[in-house]
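Survey of secondary and tertiary structure
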Amino acid sequence: MIISICQPYALCAWPFANFCFRRETKKVTTPILDMKGITKRFPNVVANENVDVELYPGEVLALLGENGAGKSTLMNVLAGMYRADAGEIFIRGKRVEIDSPRDAMRLGIGMIHQNFMLVDTMTVAENIILGLPDLPFVPNMVDVNGRIRQLSERYNLQVDPDSRIWQLSVGEQQRVEILKLIYRGAEILILDEPTAVLTPQEAKELNGILQQMTREGKSAIFITHKMEEVIAFSDWVRVLNKGRLVTVKQTNRTNPQELARLMVGRDVLFRLEKKDHDLGDVALELTDVSANNDKGLPALQGISFRIHSGEILGVAGVAGNGQKQLVEILTGLRNVSGGKIRIFNEDKTNKSPLEIINSGVSHIPADRIARGVAGDMSVANNLAMKCYRKPPLVRKGFLHPARILDLARRMIDLFSIDTPTPQTHAKFLSGGNIQKTILAREIDACRGLLIAAYPARGLDVGATEFVRKQMIAQSEAGTAILLVSEDLEELVGVADNIAVLFEGKVMGILPSNKADTEKLGMMMAGVKLEETTA
Amino acid sequence: MRIVFEKRKTLSRKAIFLVPLASFFISLILTAILLAIFKANPFVTFIAMFKGAFGSWPNFTETLVKATPLMLTGLGVLVAFRLKFWNIGAEGQLTLGGIAASWVVLFWTPFLPPWMVLPLAILVGMLAGAFWAGIPALLKVRLKVDEVLTTLMLNYVAILFAEHLYYGPWRDPKGFGFPGTPQFPDFTWLPRIAGRAHLGLIFALVLALVLWFVLNRTRWGFELQVIGNNPGAAQTQGIHIAKNIMTALLLAGALAGLAGVCEVTGISRRLQQGLSIGYGYTAIIVAWLAQLNPIATIIVALLIAALLVGGDQVQMMMGLPASMGLVLQGMLLFPMLAGSLFTEYRLRIIKTKLRDAQSG
């Protein structure tokens, strides 16, 4: 059962499974780390509520949870980036106050962030000693290099101290980050989604490094939402959901299905009220499409699906499994490396954004600030940003401000955008109203196909419902919609069919009335649809 | 007690007018302090400066003479700055415009009907300026080369090239070794309208109005606005960023090039030393103080020109260094930049409560 799940990691999962019993045989009595009742609030959000963490020397703990479950916040509290509003932290049984990353480091806690904190143009050795508190004015680099070599041999972290960071692969850079922490005497290593940027081979090597470190008595906590990593890397797993600790499990006494269910946190998903309506012709068709990410590594592989007019296809998956690239190839922002994209029966493979817009495609971008609006332009101009090219807004290249204002007033009214005036700059609106502005513009200009990426992310309950109802209304009016979301409730509630992406591949497409959390959770963790029923 | 900056809910319209005005007065006060240190009476000095710039008709036309190239280069700089393309190469674009116009006048005159020489000189000068701005623009959109470096470096290339020409191959053989070309024939002079003030002033005023209209009321202006504001959104909406940067920079260079043409055909009537005296750099201050608004650019250029001319007068009449005008100019920019914060933020004073007494 388990073997069928972990695709690239399956082979490494079993050899390390026997480490899971190590702690019991060692009989260590004091935990190296004990976090009790940690609560951290942000304006309007409780990121962590009464969370406990316990870690013994030589253990690897996995923190599992969906996006926004509070994993990173919890670890940032431990690493001294945030201060908890309530709760206590004990290191080796002694209560401590951690006010800064420097405090954390002194206590032997080091964190490796998802985006590495290295200086590209400096050498490995220089990066490692950078910021050490007791550094002499001219450091003895021979000694430093010697010590680095000694440590990298001991922990199997091959990296040349004299090479410069920009020359290293991502996997090697991560090793530098680990060395940096070990050099400073870290006993507890925190890794924030360590394999997100790694190739499968590098991920395997990282696992080896972690095991070597735990053999030496160090401990590690890693944040993840990938099931196979939990199984392959960890001794214990703690599952967070919406800021609360849901469960603590010994890794070898649980299974991916159980973890998937706990991670999603709901057994039953509700569907929104939807009228039955007939589907039209195929609006969007992808045939064996593949594409690379910014680093030139494959991000999408062999994607094939079609969406009919009037249909909503949901795309589920944990963030970073190719959703971004999928949206970008469909809107002309990224080229495919293979396959065909047909929109309304015309070849639109690798066409420019303008050509795709002109064929009637609208796009609600995932990052509404970076791509959705121009903050220093008025709401009216933002609303006109898609149809300013065509009459009546423009004639012979000259804009018609009065008509732009008319259009804006109509849309502000229709979508109940809360703005003081149409001339107010968009950046002064709330997130929900910025999203409504984008939605109004894109829906108004849409001629048959809408690509919506996380349209309700970060919105409050009312705005979320508004956005979802608009999606449904548009599909009933005959628009084909591709809805990328990480909210399963939204997908099951809004979409007709759900496709699950995992590592750039479609794990399967199933009708949303046949989707349940366990099936979706397993597909999100890399199990093919036909295997979930086995 | 704590003082914090708080983001305003809406842009303050009042602040947009008050900040430049207030910064002008603050700069006057700062300069007054400086003048007092030099044991000069600030009031007398300021009045002398004002009189020097606006006090008489000849003085005023002299202010207009200085204002014209500032207006044209200021307009050029603002087009580029609207796209967040930091074009500090207006000086070089102006110089190359001057060189190209001189080339037409000096070498094409025998082959052309007289009435055609000046229009052609203007056209070629503008094209040369556009070309000079097009190089960094192309490097930027194709190879992502930083435009601050390339535009700045190309200034020196253009300035030294001009020097080479009027010290070397183009030098007037009858000029007693004076560094400059022979004087242009009189039918190629740009007509003067008052004193030394020439037709370039009319060009600048008309172009400012046209530019305002283009930037605010046309499809192309709208696209520039979106790109300058959020290139990510522009790309998403299918706006061709590279193409727009190219066209905008060609326009920016052409405007600066026109300034150069007007200087050589309207003022010096030859290519000589003194063409590149920093108009292109002052244009950056002009465009910035005008908050990238073409109409405001005209007014600010006039004001800055008044400071320059007034500074010269102060030197002659009071024995103070002429750079006092430049000092005032610099003093003007600092409060302005600091003040622009207040259009988006406001100060708020918060009385601290002993909230964190229990912690620690």
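Residues numbered from 1 in each chain as written. Chains lettered and ligands numbered in written order. Predicted model: local features only at pLDDT ≥ 70, side-chain atom pairs only at ≥ 80, totals over all residues. Heavy atoms only, no water.

Examining the sheet that holds strand E22 (residues 505-511) of chain A
Residue and element names in this part refer to chain A. The strand order across the open sheet formed by six strands is E16-E19-E20-E13-E21-E22, and the pairing between neighbours is mixed. A strand with exactly one partner marks an edge of an open sheet, and here the two such strands are strand E16 (361-364) and E22. Within this sheet the neighbouring strands show an average axis-to-axis angle of 15°, counted without direction. Bridging between strand E13 (residues 312-316) and strand E20 (residues 480-484) involves four bridges; their strand directions are parallel. Following the sheet pairing, Gly314 is matched in E20 by Leu483. Running at roughly 150° to E20, helix H11 (residues 323-330) makes contact with E13, E16, strand E19 (449-453), E20 and strand E21 (497-502) of the sheet. (Pairing = 2+ DSSP bridges. Helix = DSSP H or I, 4+ residues; strand = E, 2+ residues; numbered from the N terminus. Axes fitted to C-alpha atoms, helices over the stretch in contact; angles between N-to-C directions. Contact = heavy atoms within 4.5 Å.)

Observations concerning the side chain of Thr331 of chain A
Residues and elements named next belong to chain A. Of note, Thr331 is situated in the loop between H11 and strand E14 (338-343). In terms of polar contacts, Thr331 uses its side chain to reach the backbone carbonyl oxygen of Val327, at 2.8 Å. Look past the residues within four positions of Thr331 in its chain and what remains in contact with it is Pro353, Ile356, His363 and Ile451. (Polar contact = N/O pair within 3.5 Å; in protein donor to acceptor, adjacent residues only side chain to side chain.)

A look at unusual backbone geometry
Residue and element names in this part refer to chain A. Between Pro391 and Pro392 the backbone carries a cis peptide bond, its omega angle lying at 10°. Within the secondary structure, Pro392 sits in the loop between helix H14 (379-383) and strand E17 (394-395). With a phi close to 40°, Glu193 is a non-glycine residue in the positive phi region. Relative to the assigned elements, Glu193 resides in the loop between strand E7 (188-192) and helix H8 (200-215).

Quick notes on a nonpolar patch on the surface
A cluster of nonpolar side chains, contributed by Phe398 of chain A together with Leu209, Trp212, Phe213, Ile295 and Ile299 of chain B, occupies part of the molecular surface with about 570 Å² of accessible area. Counting only elements with at least two residues in the nonpolar patch, the list comes to helix H7 (200-217) and helix H12 (294-318) of chain B. Broken down by element, the residue count for the nonpolar patch peaks at three residues, all from H7 of chain B. Relative accessible area serves as the criterion here: at 56%, Leu209 of chain B is assigned to the exposed category. (Patch = residues over 30% accessible without salt bridge, like charges linked within 9 Å, V, L, I, M, F, W, Y side chains within 5 Å. Areas by Shrake-Rupley, 256 points an atom, 1.4 Å probe, with all protein chains shown as cover. Salt bridge = Lys/Arg side-chain N within 4 Å of Asp/Glu carboxyl O. Buried < 20%, exposed > 50% of the residue type's maximum accessible area, 1.4 Å probe, protein only.)

Considerations on the pairing of strand E8 (residues 219-224) of chain A
Residues and elements named next belong to chain A. In terms of residue burial, E8 counts as a mostly covered element, since six of its six residues are buried. Side-chain alternation along E8 places Ser219, Ile221 and Ile223 on one buried face and Ala220, Phe222 and Thr224 on a second face that is also buried. Summarising the sheet, strand E3 (residues 60-64) and E8 pair through five bridges and their orientation is parallel. Considered in E8, the bridge of Leu63 is made with Ile223.

With respect to the state of the cysteines
With the rule as written, the count across this model stands at zero disulfides over all chains. Cys387 of chain A carries a free sulfur, and the closest cysteine sulfur to it, the one in Cys446 of chain A, is 12 Å from it. (Disulfide = S-S within 2.5 Å.)

Let's talk about the pattern of salt bridges
The tally for this structure, following the rule as stated, stands at 25 salt bridges over all chains. The partner of Glu465 of chain A in a salt bridge is Lys469 of chain A, with the nearest N and O atoms 2.9 Å apart. Within this pair, Glu465 of chain A and its partner Lys469 of chain A are both found in helix H17 (residues 461-476), separated by four residues, close to a single helical turn. By relative accessible area, Glu465 of chain A is classed as partly exposed at 41%. Given the relative accessible area of 52%, Lys469 of chain A is considered exposed. Across the pair Glu147 of chain B and Lys140 of chain B runs a salt bridge, and its minimum N-O distance is 2.8 Å.

Things to note about the packing of helix H11 (residues 279-289) of chain B against helix H13 (residues 324-339) of chain B
What describes two packed helices is the angle between their axes and the distance between those same axes. All names here are of chain B. Contact geometry of H11 with H13 gives a least axis separation of 11 Å together with a crossing angle of 35°. You can see that H11 and H13 cross each other, and the crossing is left-handed. Two secondary-structure elements touch here, H11 through Thr282, Ile285, Trp288 and Leu289 and H13 through Gln329, Leu332, Leu333, Met336 and Leu337. (Left-handed = near helix turned anticlockwise from the far one by under 90°.)

Quick look at the packing of H12 of chain B against H13 of chain B
All names here are of chain B. At a minimum axis distance of 8 Å, the contact between H12 and H13 shows a crossing angle of 150°. By the angle class used here, H12 and H13 are roughly antiparallel. Residues Leu303, Ile304, Leu307, Leu308 and Gly311 of H12 form the contact with H13, whose own contacting residues are Gly325, Leu326, Leu328, Gln329 and Leu332. Residues that form the contact of H12 with H13 fall into these classes: seven nonpolar, three polar and no charged. (Parallel < 35°, antiparallel > 145°, perpendicular 65-115°, else oblique. Nonpolar A, V, L, I, M, F, W, Y, C, P; charged D, E, K, R; others polar.)

Observations regarding helix H1 (residues 13-37) of chain B
All names here are of chain B. Between its terminal C-alpha atoms H1 stretches 37 Å, which fits the 36 Å expected from 25 residues at 1.5 Å a residue. Along H1, the sharpest change in direction is near 30° and occurs at Val19; proline Pro20 comes one to four residues later. Those residues of H1 that fall on the buried side of the exposure criterion are Ala15, Val19, Ser23, Ser27, Leu28, Thr31, Ala32 and Leu35. Backbone geometry just downstream of H1 places Lys39 in the positive-phi region, at approximately 60°. (Expected span 1.5 Å × (residues − 1). Bend = angle between axes of the 7 residues up to and from the residue.)

Let's talk about the interface of chain B and chain A
In this assembly, 23 residues from chain B lie in contact with 32 residues from chain A. Note on chain B versus chain A: buried area summed over both sides is about 2,400 Å², and carbon and sulfur give 58% of it. The interface formed by chain B and chain A includes zero salt bridges. Inspection of the chain B/chain A interface yields 15 residue pairs in polar contact (both at pLDDT 80 or more). By residue number, the principal contributor to the side of chain B that touches chain A is helix H8 (residues 219-229) of chain B, which donates six residues. In the side of chain B that touches chain A, the residues fall into six nonpolar, eleven polar and six charged. (Buried area = accessible area lost by both parts, 1.4 Å probe.)

Things to note about the domain arrangement of chain A
All names here are of chain A. Along its sequence, chain A is organised into domain 1 (10-25 + 60-82 + 97-264) and domain 2 (282-360 + 446-532). Spacing between the C-alpha centres of domain 1 and domain 2 amounts to 33 Å. Domain 1 puts eleven residues into the contact, and the matching count from domain 2 is twelve residues. Remark: the boundary between domain 1 and domain 2 carries zero salt bridges. Counting every contact that joins domain 1 to domain 2 gives zero residue pairs in polar contact (both at pLDDT 80 or more). For the side of domain 1 that touches domain 2, the secondary-structure elements that each account for two or more residues are helix H9 (227-233) and helix H10 (256-264). (Domains from an automatic or database assignment.)

Considerations on the confidence of the model for chain B
The predicted coordinates of low-pLDDT regions are not to be read in fine detail. Per-residue confidence for chain B averages 88 on the pLDDT scale, and 93% of its residues sit at or above 70. Predicted confidence for residues 353-360 of chain B stays below pLDDT 50, and this span has zero contacts to residues more than four positions away or in other chains. (pLDDT = per-residue confidence, 0-100.)

Examining the sheet that holds strand E12 (residues 298-308) of chain A
Residues and elements named next belong to chain A. Spatial strand order, E12-E11-E14-E15: four strands in an open sheet with antiparallel pairing. Whereas interior strands pair on both sides, the edge strands pair on one side only; in this sheet they are E12 and strand E15 (346-347). Sitting on the sheet, H11 touches strand E11 (282-292), E12 and E14, and the angle it makes with E11 is about 120°.

Here we look at the environment of Gly310 of chain B
Residue and element names in this part refer to chain B. Turning to its location among the elements, Gly310 is positioned in helix H12. In this structure the C-alpha to C-alpha distance between Gly310 and Phe54, which are 256 residues apart in sequence, comes to 8.4 Å. With near-sequence residues (within four places) excluded, Gly310 lies in contact with Met49 and Ala53.

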